[in-house]
Amino acid sequence: MTTLMTNANQNAWTGRRVLVLGGTGRIGSLVALQLASLGAKVTVTGRTDDSASNVGTITGVQFRKNRLPEELAALDPRDFDVVINLVAVPTAHAANADPQGAFSLNVKLLDQVITHFAAGNPDASVVVTSSVRTSELGSMYSWSKIAAEGLVSASGGKLRCG
């Protein structure tokens, strides 16, 4: 990821307004740091004020407490050029322990994010992260990620999956 961001055209991110949903974890804070260093104006969401500690000291990154999906409507789509969705049940073990929760976060929330931002700002891009190891195939996690990639495919190029 660092190489991809570093090799990207730095001017492409300067001044871009980026929303990182669920961006207070290890991956999200690294994404926020990289994008801010490339000149983007980054807003990161997290469920608790405590989660701000991972990103609160990064110059150019603003933390916004937001419980998704309950407070999705509070995020104005016109305020962002790019939305990166990192909210997910992150492992096969966690998804198998709570299949309904995995489907709700990995698929239903993604669909709500797409609908909300596509309707409110047709020029914004929504970026979806997805990965499944072969050892996870057949798990609820892999099925939820396959469904998420299906949403990306059905978007007609509006979404990018990385």
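Being a predicted model, the structure only gives us computed values, none of them experimental.

What counts as what
- Residues numbered from 1 in each chain as written.
- Predicted model: local features only at pLDDT ≥ 70, side-chain atom pairs only at ≥ 80, totals over all residues.
- Heavy atoms only, no water.
- Helix = DSSP H or I, 4+ residues; strand = E, 2+ residues; numbered from the N terminus.
- Buried < 20%, exposed > 50% of the residue type's maximum accessible area, 1.4 Å probe, protein only.
- Contact = heavy atoms within 4.5 Å.
- Areas by Shrake-Rupley, 256 points an atom, 1.4 Å probe, with all protein chains shown as cover.
- pLDDT = per-residue confidence, 0-100.
- Core = buried A, V, L, I, M, F, W, Y, C linked by side-chain atoms within 4.5 Å.
- Salt bridge = Lys/Arg side-chain N within 4 Å of Asp/Glu carboxyl O.
- Expected span 1.5 Å × (residues − 1).
- Bend = angle between axes of the 7 residues up to and from the residue.
- Pairing = 2+ DSSP bridges.

Here the focus is the overall build of the chain. In terms of regular secondary structure, the chain is built from 5 helices and 6 strands. Of all 162 residues assigned to the chain, the portion counted as buried reaches 42%. Looking at the chain alone, contacts between residues at least 24 apart form 64% of all its contacts between residues at least 6 apart. Summed over all atoms, the accessible surface of the chain reaches about 8600 Å², with 53% contributed by carbon and sulfur.

A separate point is the confidence of the model for the chain. Detailed reading of predicted coordinates is not advised where the pLDDT is low. Residues at a pLDDT of 70 or more form 78% of the chain, whose mean pLDDT is 77. Taken element by element, the predicted model of the chain shows its lowest mean pLDDT in helix H1 (residues 2-7) (48) and its highest in strand E1 (residues 17-21) (92).

Turning next to the nonpolar core. Among the nonpolar cores identified, the biggest contains 18 residues, and Val 18, Leu 35, Val 42, Val 61 and Ile 84 are the most heavily contacted of them. Of all the secondary-structure elements, those providing two or more residues to this core are E1, helix H2 (26-37), strand E2 (41-46) and strand E4 (82-85). Considering each element in turn, this core owes the most residues, 4 residues, to H2. Ignoring any residue separated from it by four or fewer positions in sequence, one finds Ile 84 in contact with Val 18, Leu 19, Val 20, Leu 21, Val 31, Leu 35 and Val 127.

Within the structure shown, the criterion is met by 2 salt bridges. Here Asp 81 and Arg 17 are joined by a salt bridge, their closest N and O atoms 2.8 Å apart. Of this pair, Asp 81 sits in the loop between strand E3 (61-65) and E4 while Arg 17 sits in strand E1, placing them 64 residues apart in sequence. Overall, the relative accessible area of 31% leaves Arg 17 in the partly exposed class. One salt bridge connects Arg 78 with Asp 76, and the closest N-O pair in it is separated by 2.8 Å.

Take helix H4 (residues 99-120) next. Taking 1.5 Å per residue, 22 residues should reach 32 Å; H4 reaches 30 Å between its end C-alpha atoms and fits that length. The largest bend in H4 is about 30 degrees, located at Leu 105. Along H4, the positions that sit buried rather than exposed are Gly 101, Ala 102, Asn 106, Val 107, Leu 109, Leu 110, Val 113, Ile 114 and Phe 117.

Both faces of E4 are covered, namely the face carrying Val 82 and Ile 84 and the face carrying Val 83 and Asn 85. Relative to E4, E1 runs parallel, the two being bridged by 4 bridges. Paired with Leu 21 across the strands is Asn 85, a residue of E4. Sheet topology note: the E4/strand E5 (residues 125-128) ladder contains 4 bridges and is parallel. Within the sheet, the bridge partner assigned to Val 83 lies in E5 and is Val 126.

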